[in-house]
Amino acid sequence: IFDWPPNLGMLPLVTTCRITKDQRMEWSKQISETLAVLHKIGVVWGDAKPWNVLINTRSLEPHLIDFGGGFTPGYIYPALKETIEGDNQGLSKIQGLLEDSGFDYRHLTHSHD
């Protein structure tokens, strides 16, 4: 257990602010590039979903969290949990969220495994 780091917000909450499409596309690119590096070194995220992306509200840089295993139904098919394919499926849904300028975070579930 640790204190919540200052200046970090969860992606679904930050995206409800007035964030430009260019910024959201930059986040999409940065998240995708980070995940590619992780996969290249053999690391699987496992629970790729918007709630597991924190945005530094000062630098606007995304940070991936929750590498403890598990998955969230609705973001990753159970058969793909803990795989690169599952990560890519979750990434696709994150990117879809970022491309949708009318995104409403309230339909997302914030569940814990």
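The rules behind the values
Residues numbered from 1 in each chain as written. Predicted model: local features only at pLDDT ≥ 70, side-chain atom pairs only at ≥ 80, totals over all residues. Heavy atoms only, no water. Buried < 20%, exposed > 50% of the residue type's maximum accessible area, 1.4 Å probe, protein only. Helix = DSSP H or I, 4+ residues; strand = E, 2+ residues; numbered from the N terminus. Pairing = 2+ DSSP bridges.

S.K.: Would you take a moment to explain the pairing of strand S2 (residues 53–56) for this structure?
M.R.: Remark: a regular strand shows side chains that alternate across the two faces of the sheet. Along S2, one buried face is formed by Val 53 and Ile 55 and the opposite face, lined by Leu 54 and Asn 56, is buried too. Summarising the sheet, S2 and strand S3 (residues 62–64) pair through 3 bridges and their orientation is antiparallel. Bridging from a neighbouring strand, Leu 54 pairs with His 63 of S3. In sequence, S2 turns back onto S3 through a hairpin of 5 residues, with Leu 60 there showing a positive phi of about 65°.

S.K.: Could you clarify how one ought to interpret unusual backbone geometry in this entry?
M.R.: Although it is not a glycine, Asp 66 adopts a positive phi angle of roughly 70°. Take Asp 66: it is sitting in the loop between S3 and helix H3 (84–99). With a phi angle near 60°, Glu 82 is a residue other than glycine that sits in the positive phi range. Residue classification places Glu 82 among the partly exposed positions, given a relative accessible area of 38%.

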